[in-house]
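One-letter residues, chain by chain:
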Number of protein chains: 2
Amino acid sequence: MQLPSRVKLVDVGPRDGLQNEKQPVPAPVKIELVHRLQRAGLREIEVTSFVSPKWVPQMADAAEVMAGIERRAGVRYSVLTPNLKGFEAALTTRPDEVVVFGAASEAFSQRNINCSIAESIERFAPVVEAARRHGIKVRAALSCAVGCPYEGEIAPERVAQVARQMKDIGVQHLGVADTIGVGTPRKVQRALEAALRHFPLDEVSGHFHDTYGQALANTLAALELGVWQFDASVAGLGGCPYAKGATGNVATEDVVFMLHGLDIETGIDLEALVDAGASISAHLQRPPNSRAATAILNKRQ
Amino acid sequence: MQLPSRVKLVDVGPRDGLQNEKQPVPAPVKIELVHRLQRAGLREIEVTSFVSPKWVPQMADAAEVMAGIERRAGVRYSVLTPNLKGFEAALTTRPDEVVVFGAASEAFSQRNINCSIAESIERFAPVVEAARRHGIKVRAALSCAVGCPYEGEIAPERVAQVARQMKDIGVQHLGVADTIGVGTPRKVQRALEAALRHFPLDEVSGHFHDTYGQALANTLAALELGVWQFDASVAGLGGCPYAKGATGNVATEDVVFMLHGLDIETGIDLEALVDAGASISAHLQRPPNSRAATAILNKRQ
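Computed from a predicted structure; not experimentally measured. (Residues numbered from 1 in each chain as written. Chains lettered and ligands numbered in written order. Predicted model: local features only at pLDDT ≥ 70, side-chain atom pairs only at ≥ 80, totals over all residues. Heavy atoms only, no water.)

(A) Structural view of the layout of surface pockets. Residue and element names in this part refer to chain A. Computed from the structure, the second largest pocket encloses a volume of approximately 1,300 Å³. What lines the second largest pocket is a set of 47 residues, among which Gln 19, Val 51, Val 56, Asn 112 and Ile 113 lie closest to the centre. Looking at the lining of the second largest pocket, the element that brings in the most residues is helix 5 (residues 106–113), giving 4 residues. Partitioning the lining of the second largest pocket into residue classes produces 23 nonpolar, 16 polar and 8 charged. (1 Å grid on protein atoms, 1.4 Å probe; cavity = no way out; pocket = protein on both sides within 12 Å on 5 of 7 lines; lining within 4 Å. Points joined across faces, edges and corners; volume = space filled by probe spheres on them. Helix = DSSP H or I, 4+ residues; strand = E, 2+ residues; numbered from the N terminus. Nonpolar A, V, L, I, M, F, W, Y, C, P; charged D, E, K, R; others polar.)

As structure tokens, this is what we get:
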């Protein structure tokens, strides 16, 4: 089976990863992480989130972080904007892309963003409209697209339904997220296929958590559908609050190791990426949560 | 793509796993582990190794462990027998299968078993002959079938060559092992295809290490070739001495989670398997080295 010849990875470590840290990470450390990631060859970085600091104090420095980045040509900087207020705050920091965060599960939507799926779509619509007016691309993250901590398995029809609603309000790209990492290859393919009913192949990406160790197998299954864009988090930063002690985002290092082994071009220098992960992990006083990074760091000793 | 509808997993934890422990594990603990694994539904268990206790003190209790197991109908008990002396010692313990341990890499063969590949085949030949005379099946483990810590990548032609030599001396089953875990899906498929030139599909199995996090993706790739037998190690027991601190054998729990998610029958009760892994891990005073086990144990709390 023919796999894509190149893959774009979006490192979500600075946002999705560090948002889940109990101890706030100082803005200069976040900025340094973004700099290291772009030096390692990342072409898109999810930098921060413009949310209420009351709800997410870890992202209170969103504007400061965005302002502190020395931007590189060819690198895209995306930020989360859950509502119009967040979008307006983000706008002044010139993001290349904004992300709205929805869910395929009604219960998860209620508990995570305090509204129904339908209400979330209504809330996103003016964000999408404003973003498009300013020529900024909008990506929607569709969380719990395979399974939900409250509802269990999510039917592909639900994914298709929400995908269509996202498309209808003008969202340009859909990220299909296995938020709690319960997906396995065929289930992930069915969720992606549901998204592909409403979005073209170039506008669907995969976001897999490694909670049950399935993320790379799921990535391979997605590649076999032709999907060529994935989120990943350097050093496996981040976690899932619903699975204490368990891992969250798949480590970018592990994904890159697989892709390069498959002769798929990423533009990423794995050794420099491992350095970026080791550096932020040292700040957090723990080893990188990445098997490839662990093995590579061990070999260096 | 059609995947196999059922998979047989061989748990190698008691042998390949515990052999790598610095502290020797008492025989009753090993026997309890075997009992727990068979209660969890494992149909084949690699129990121990009949090697010189001078070289591998962890396996000095091989006969005691084999004698202590309450055997279950339908479960196969395999043991490593590196030479005729080991085979003769093993014979009195009535193994269902004996394993000879070869390599696709010349340098690894020299350093790991102190002889050339050709010499190892000569050494295995009388073991195979004796085993077949006693009606005992012989499996050959072909280590470093994808990469070698000394030689780097191993060409599929080398795998095919040694596979043929193994076949010629009467070996019935070939285990294709990615001993240092550097394999990625296409490379693993090429190694398996090389083995399949000389062994039928029903007599080739995969043995993948998760050192770089690739084992489940490689398992999926193997399933896509129709391979339906795999080694795995409960709680990820074992390690690779060439990658300090890194993980070794893929955790049986992680493999079972993927297979069940793919609707592939294994006969294994995942919860009971997690219990088996938690029990031996408690003895070893560390958490199970399995993402699925970690997530499942967290959920139970």
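Past the structure itself, the notes keep going.
(B) Representation of the interface of chain B and chain A in the model. Tallying the contact residues gives 36 residues for chain B and 36 residues for chain A. Surface buried jointly by chain B and chain A totals about 3,200 Å² across both partners, of which 57% is contributed by carbon and sulfur atoms. Ranking the residues of chain B by area buried against chain A places Arg 186, Tyr 212 and Arg 291 of chain B at the top, with a combined share of 26%. Here chain B is connected to chain A by 4 salt bridges. Close ionic contact of Arg 291 of chain A with Asp 210 of chain B constitutes a salt bridge, the shortest N to O distance being 2.8 Å. Along the contact surface separating chain B from chain A lie 8 residue pairs in polar contact (both at pLDDT 80 or more). Breaking the side of chain B that touches chain A down by element, the ones donating at least two residues are helix 8 (185–196), helix 9 (215–224), helix 10 (252–261) and helix 12 (291–300) of chain B. With 7 residues, the single largest contributor to the side of chain B that touches chain A is helix 12 of chain B. (Contact = heavy atoms within 4.5 Å. Buried area = accessible area lost by both parts, 1.4 Å probe. Salt bridge = Lys/Arg side-chain N within 4 Å of Asp/Glu carboxyl O. Polar contact = N/O pair within 3.5 Å; in protein donor to acceptor, adjacent residues only side chain to side chain.)

(C) View of the confidence of the model for chain A. When the pLDDT values of chain A are averaged, the result is 95; 97% of them are 70 or greater. With pTM at 0.96, the complex prediction returns an ipTM value of 0.95. (pLDDT = per-residue confidence, 0-100.)

(D) Local environment of the environment of Tyr 212 of chain A. With respect to the element layout, Tyr 212 of chain A can be found in the loop between strand 9 (204–208) and helix 9 (215–224). Taking the C-alpha atoms as reference points, Tyr 212 of chain A and Gly 248 of chain A, 36 residues apart in sequence, are found 9.3 Å from one another. Non-local contacts of Tyr 212 of chain A, meaning those with residues more than four positions away in its chain, are made with Ile 180, Gly 181 and Val 182 of chain A together with Asp 254, Phe 257, Arg 291, Ala 292, Ala 295, Ile 296 and Lys 299 of chain B.

(E) The arrangement of the relation of the copies chain B and chain A in detail. When chain B is fitted to chain A, the best match, at an RMSD of 0.0 Å, comes from turning it 180 degrees and sliding it 0.0 Å along the axis. Such a combination of rotation and displacement between the chain copies is what one expects of a two-fold axis. Identified as the residue of chain B closest to the rotation axis by C-alpha distance is Ala 217 of chain B, at 2.0 Å. Looking at the interface residues of chain B, 100% of them are also at the interface in chain A, so both copies use one shared face. (Least-squares fit on C-alpha atoms with pLDDT ≥ 70 in both.)

(F) Looking closely at the side chain of Thr 184 of chain A. If you trace the backbone, Thr 184 of chain A turns up in the loop between strand 8 (173–178) and helix 8 (185–196). Look at Thr 184 of chain A and you get buried, because its relative accessible area is 1%. Excluding its chain neighbours within four sequence positions, the residues that come into contact with Thr 184 of chain A are Gln 214 and Asn 218 of chain A together with Phe 257, Met 258, Gly 261 and Leu 262 of chain B. (Buried < 20%, exposed > 50% of the residue type's maximum accessible area, 1.4 Å probe, protein only.)

(G) Representation of the packing of aromatic side chains in the model. Tallied over the full model, the rule gives 6 aromatic pairs over all chains. Measuring from centroid to centroid gives 6.5 Å for Phe 108 of chain B and Tyr 150 of chain B, while their planes differ by 35 degrees, and the two rings are tilted. With Phe 108 of chain B in helix 5 (residues 106–113) and Tyr 150 of chain B in the loop between strand 6 (147–148) and strand 7 (152–153), this pair connects stretches of sequence that are 42 residues apart. According to the relative accessible area criterion, Phe 108 of chain B is buried, its value standing at 3%. Tyr 150 of chain B sits in the partly exposed class, given a relative accessible area of 28%. One residue, Arg 111 of chain A, lies across the ring of Tyr 150 of chain A, its end atom 3.9 Å from the ring centre. Here the guanidinium or amino end of Lys 167 of chain B rests over the ring plane of Phe 199 of chain B, the centre of that ring lying 5.1 Å away. (Phe/Tyr/Trp six-rings, centres within 6.5 Å; stacked < 30°, edge-to-face > 60°. Lys NZ or Arg CZ within 6 Å of the ring centre and 35° of its normal.)

(H) How the structure looks around the pairing of strand 9 of chain A. Residues and elements named next belong to chain A. Burial analysis of strand 9 places 5 of its 5 residues in the buried class, which makes it a mostly covered element. Covered by surrounding structure in strand 9 are Val 204, Gly 206 and Phe 208 together with Ser 205 and His 207, the residues of both alternating faces. Across 5 bridges, strand 8 lies against strand 9 in parallel orientation. Within the sheet, the bridge partner assigned to Leu 174 lies in strand 9 and is Val 204. Once the chain exits strand 8 it traverses helix 8 before rejoining the sheet at strand 9, and the crossover so formed is right-handed. Where the polypeptide runs from strand 9 across helix 9 and back to strand 10 (residues 229–232), its parallel neighbour, the crossover connection is right-handed. (Pairing = 2+ DSSP bridges. Right-handed = clockwise from strand over helix to strand, strands pointing away.)

(I) Expanded view of empty space enclosed by the protein. All chains considered together, the criterion is met by 1 cavity of 30 Å³ or more. Considering only enclosed or pocket space, the largest cavity measures out at about 100 Å³ in volume. Lining the largest cavity are Asp 210, Gly 213, Leu 216, Asp 254 and Arg 291 of chain A together with Asp 210, Gly 213, Leu 216, Asp 254 and Arg 291 of chain B.

(J) A look at the pairing of strand 8 (residues 173–178) of chain B. Residues and elements named next belong to chain B. Within strand 8, 6 of the 6 residues are buried, which leaves it mostly tucked inside the rest of the structure. Burial along strand 8 is two-sided: His 173, Gly 175 and Ala 177 facing one way and Leu 174, Val 176 and Asp 178 facing the other are all buried. In terms of strand pairing, strand 5 (residues 137–143) meets strand 8 through 4 bridges, oriented parallel. Paired with Ala 141 across the strands is Gly 175, a residue of strand 8.

(K) Structural detail: helix 5 of chain A. Residues and elements named next belong to chain A. Those residues of helix 5 lying buried are Phe 108, Ser 109 and Ile 113. Buried residues of helix 5, viewed axially, fall in a sector of 100 degrees; they line one side. Next to the buried residues of helix 5 lie strand 4 (97–103), helix 6 (117–133), strand 5 (137–143) and strand 6 (147–148). Backbone nitrogen of Ala 107 and a side-chain oxygen of the N-cap are separated by 3.4 Å at the start of helix 5; the cap is Ser 105. Looking one or two residues past helix 5, Asn 114 carries a phi angle of roughly 60 degrees, positive in sign. (Arc of directions from axis to C-beta.)

(L) Focus on the pattern of salt bridges. On inspection of all chains with the given rule, the structure shows 42 salt bridges over all chains. A salt bridge links Glu 44 of chain B to Lys 8 of chain B; the shortest N-O distance between them is 2.7 Å. Residue Glu 44 of chain B is located in strand 2 (residues 44–49), and its partner Lys 8 of chain B is located in strand 1 (residues 8–11); the two are separated by 36 residues in the primary sequence. Classification of Glu 44 of chain B by relative accessible area gives buried; the value is 1%. Residue classification places Lys 8 of chain B among the buried positions, given a relative accessible area of 19%. Salt-bridge contacts for Glu 151 of chain B lead to Arg 158 of chain B; the nearest nitrogen and oxygen are separated by 3.5 Å. One network of salt bridges, in which partners are shared, links Lys 8, Arg 15, Asp 16, Glu 44, Glu 46, Arg 76, Glu 97, Arg 139 and Asp 231 of chain A.

(M) Representation of the sheet that holds strand 5 of chain A in the model. All names here are of chain A. Ordered in space as 1-2-3-4-5-8-9-10, the 8 strands form a closed barrel in which the pairing is parallel. Between one strand and the next, the sheet's axes are offset by a mean angle of 25 degrees, whatever the strand orientation. Of the strand pairs in this sheet, strand 2 (residues 44–49) and strand 3 (residues 76–80) are connected by 5 bridges, and their pairing is parallel. Opposite Thr 48, over in strand 3, you have Val 79 as the bridge partner. (Axes fitted to C-alpha atoms, helices over the stretch in contact; angles between N-to-C directions.)

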